[in-house]
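Inside the fold
In case you want the letters, here they are:
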Amino acid sequence: MNPPDDAKWTWPPTFVWGVSMSAFQIEGATREDGRGPSVWDTYGASGRVANHDTGDVACDHYHRYPEDIALMRGLGVRAYRFSVAWSRVLPQGRGAANEAGLAFYDRLVDALLEAGIEPWLCLYHFDLPQALDDLGGWAVRDSAGWFADYATLVGRRYGDRVKRFATINEPSIFTLFGYALGGAAPDAADVSTLRRAIHNVNLAHGAAVDALRVLVPQASIGAIHNVQPCLPATPADTDAADLLGAYWNAAFPDPQCLGHYPSRLVEVMEPYVQAGDLARICRPLDWFGLNHYSPIYATANPNSPLGVTLGAGPSDISRTPIDWPTAPEALRETLHQVHNRYRLPIYVTENGLGSYDTPDAIGKITDTQRIEFLSAYIEAVRRAIAEGVDVRGYFVWSLLDNFEWASGYAVRFGLVHVDYPTQKRTPKASYFWYADLIKAATEASRVIPLARSGSGGLDLLR
Ligand code: IFM
């Protein structure tokens, strides 16, 4: 591997700089215009979120999206990845559509296009309609059909304007935590339910890809997975790390992109796999969305339904304010692994730093640690590209501080601070830094365009 020649290297001119957010974490307006409840409304209402926070108001993006799009415009991003709230457009998850909910995403998409920002629409980001969970949710095989019908509704409605679609965000996170490890909706703890859910989510992914291909022939369709090195917390946890890694990193991308479950899980998944299922799941994709934050650590735990839980890991490593290990090299290595294993163009669809930012006496938020984090991780992306990995874009998580699931509003990931009582948005230092970076990267790549090699890798102008 050759290191990038810094003097000559420029970002590919087509490189997509973006930001990501998700419906439940920002929209609020949970009882407005006919939206039905999702499993996260139920989880929040039960008081299980830190500080008893709920998504009821969140960032009030439902009403303030023009202001948020103006912030994106100020950043200079080319793309915005958002998710549609399934229960806003189908309050019962299936059956009658909600025109007022559909109209909200019409307004959002139109305003993005008007601002010159490409909408990247993700169908699902953790917020299963409660009505479907009441019918068994992802643990029942019918869920694949429900999801395909929902994808059909969304493709038919927005496919004239939206060309970038992702099926499901981080399936391993919402299944592992929601059905086995705890700490997320719908808060089950049963390993056979987990495995059933894994397989049904995979079937749902495949069915949605098929539906979108028919409805939006120009669509560029991807799947979004968080792939993070899974390390043993102690030498005694090696097998636990291997097991957790199989669920976390491979249980979804392997069947979706390679047509089989990872070897460690083949036997346990077998009872749920019917003839033809793997072909239904493994549908051609245009890109791989990689969410990445840090390595994770596994600890063997016979009391957990899975026999393994997340471990703390070493105390002498660099960490973010919310205690996640900081390891930009792990992103570079992960990009190589994903590239070698799945052979798809990669977009880093999430990366960012969680902290407890507070404004200073004059209202400024100087989030130096976030700037250092993003700068090191973006450098890791740059190196991976220079080494031949086909990475085509990078999206910061997140534009706004938002509802960080079971951690509520205390943990902040935004480039823009949100004062929740007033809903005032204040760009942090990292916002201006990212805007400058995008400007410099796009201007430089316009001056020295990169040639593409025939192999799909990048020719580095050495
Ligand atoms: O906020 C989440 C997001 O919903 C999914 N990926 C990780 C982010 C930070 O935890």
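Residues numbered from 1 in each chain as written. Predicted model: local features only at pLDDT ≥ 70, side-chain atom pairs only at ≥ 80, totals over all residues. Heavy atoms only, no water.

Here the focus is the sheet that holds strand β6 (residues 230-232). Across the sheet, 3 strands lie side by side as β6-β8-β9; this open sheet has mixed pairing. A strand with exactly one partner marks an edge of an open sheet, and here the two such strands are β6 and β9 (308-310). Strand-to-strand twist of the sheet, defined as the mean angle between neighbouring strand axes without regard to direction, takes the value 40 degrees. As paired strands, strand β8 (residues 296-300) and β9 are joined by 3 bridges and run antiparallel to one another. Bridging across to β9, A298 finds its partner in L310. (Pairing = 2+ DSSP bridges. Helix = DSSP H or I, 4+ residues; strand = E, 2+ residues; numbered from the N terminus. Axes fitted to C-alpha atoms, helices over the stretch in contact; angles between N-to-C directions.)

Here the focus is the site of the ligand. Residues in contact with the ligand, as listed here, are Q25, H125, E170, Y293, W324, E350, W397, E404, W405 and F413. Here a nitrogen atom of the ligand sits 2.7 Å away from a polar atom, N or O, in the side chain of E170. Note that an oxygen atom of the ligand is positioned 2.5 Å from one of the side-chain N or O atoms of E404. Within the complex, 94% of the 280 Å² of free accessible area of the ligand lies under protein. Because more than half of its atoms lie within 2 Å of the grid, the ligand is assigned to the largest pocket. (Near = heavy atom within 4 Å. Polar contact = N/O pair within 3.5 Å; in protein donor to acceptor, adjacent residues only side chain to side chain. Areas by Shrake-Rupley, 256 points an atom, 1.4 Å probe, with all protein chains shown as cover. 1 Å grid on protein atoms, 1.4 Å probe; cavity = no way out; pocket = protein on both sides within 12 Å on 5 of 7 lines; lining within 4 Å. Sits in = over half its atoms within 2 Å of the grid points.)

This part covers the packing of aromatic side chains. Ring pairs (aromatic) are described by centroid distance and by the angle formed between their planes. Scanning all chains against the criterion turns up 43 aromatic pairs. With centroids separated by 4.9 Å and ring planes inclined at 55 degrees, the aromatic side chains of W40 and W405 adopt a geometry described as tilted. Here W40, found in helix α2 (residues 39-45), pairs with W405, found in the loop between β11 (391-396) and β12 (416-419); they are 365 residues apart in sequence, far enough to count as distant. The exposure classification of W40 matches that of W405, with both residues buried. Here the aromatic rings of W120 and W287 are separated by 5.2 Å at their centres, their planes lie at 55 degrees, and the arrangement is tilted. Of the two residues, W120 sits in strand β3 (residues 118-124) while W287 sits in strand β7 (residues 287-291), which places them 167 residues apart along the sequence. Taken as a pair, W120 and W287 share a single burial class, namely buried. (Phe/Tyr/Trp six-rings, centres within 6.5 Å; stacked < 30°, edge-to-face > 60°. Buried < 20%, exposed > 50% of the residue type's maximum accessible area, 1.4 Å probe, protein only.)

Attention now goes to helix α10 (residues 238-250). Under the 1.5 Å per step criterion, the end-to-end length of α10 is 17 Å for 13 residues, consistent within 8% with the ideal 18 Å. Burial analysis of α10 places 10 of its 13 residues in the buried class, the great majority of the element. For α10, the set of buried residues is A240, A241, L243, L244, G245, A246, Y247, W248, N249 and A250. (Expected span 1.5 Å × (residues − 1).)

A few words now on the layout of surface pockets. Counted as a void, the largest pocket has a volume near 870 Å³. The wall of the largest pocket is formed by 36 residues, among which I173, F177, W248, W324 and E404 lie closest to the centre. Elements supplying a minimum of two residues to the lining of the largest pocket: α8 (171-181) and β8. Here the lining of the largest pocket gets 3 residues from one element, more than from any other, and that element is α8. Here the lining of the largest pocket is composed, by residue class, of 21 nonpolar, 10 polar and 5 charged. Of the volumes computed, that of the second largest pocket is approximately 440 Å³. Forming the walls of the second largest pocket are 20 residues, and the residues nearest its centre are G245, A246, N249, A250 and Q337. When residues of the lining of the second largest pocket are traced back to their parent elements, those giving at least two are α10 and α14 (328-342). Of the residues that constitute the lining of the second largest pocket, the class distribution is 9 nonpolar, 6 polar and 5 charged. (Points joined across faces, edges and corners; volume = space filled by probe spheres on them. Nonpolar A, V, L, I, M, F, W, Y, C, P; charged D, E, K, R; others polar.)

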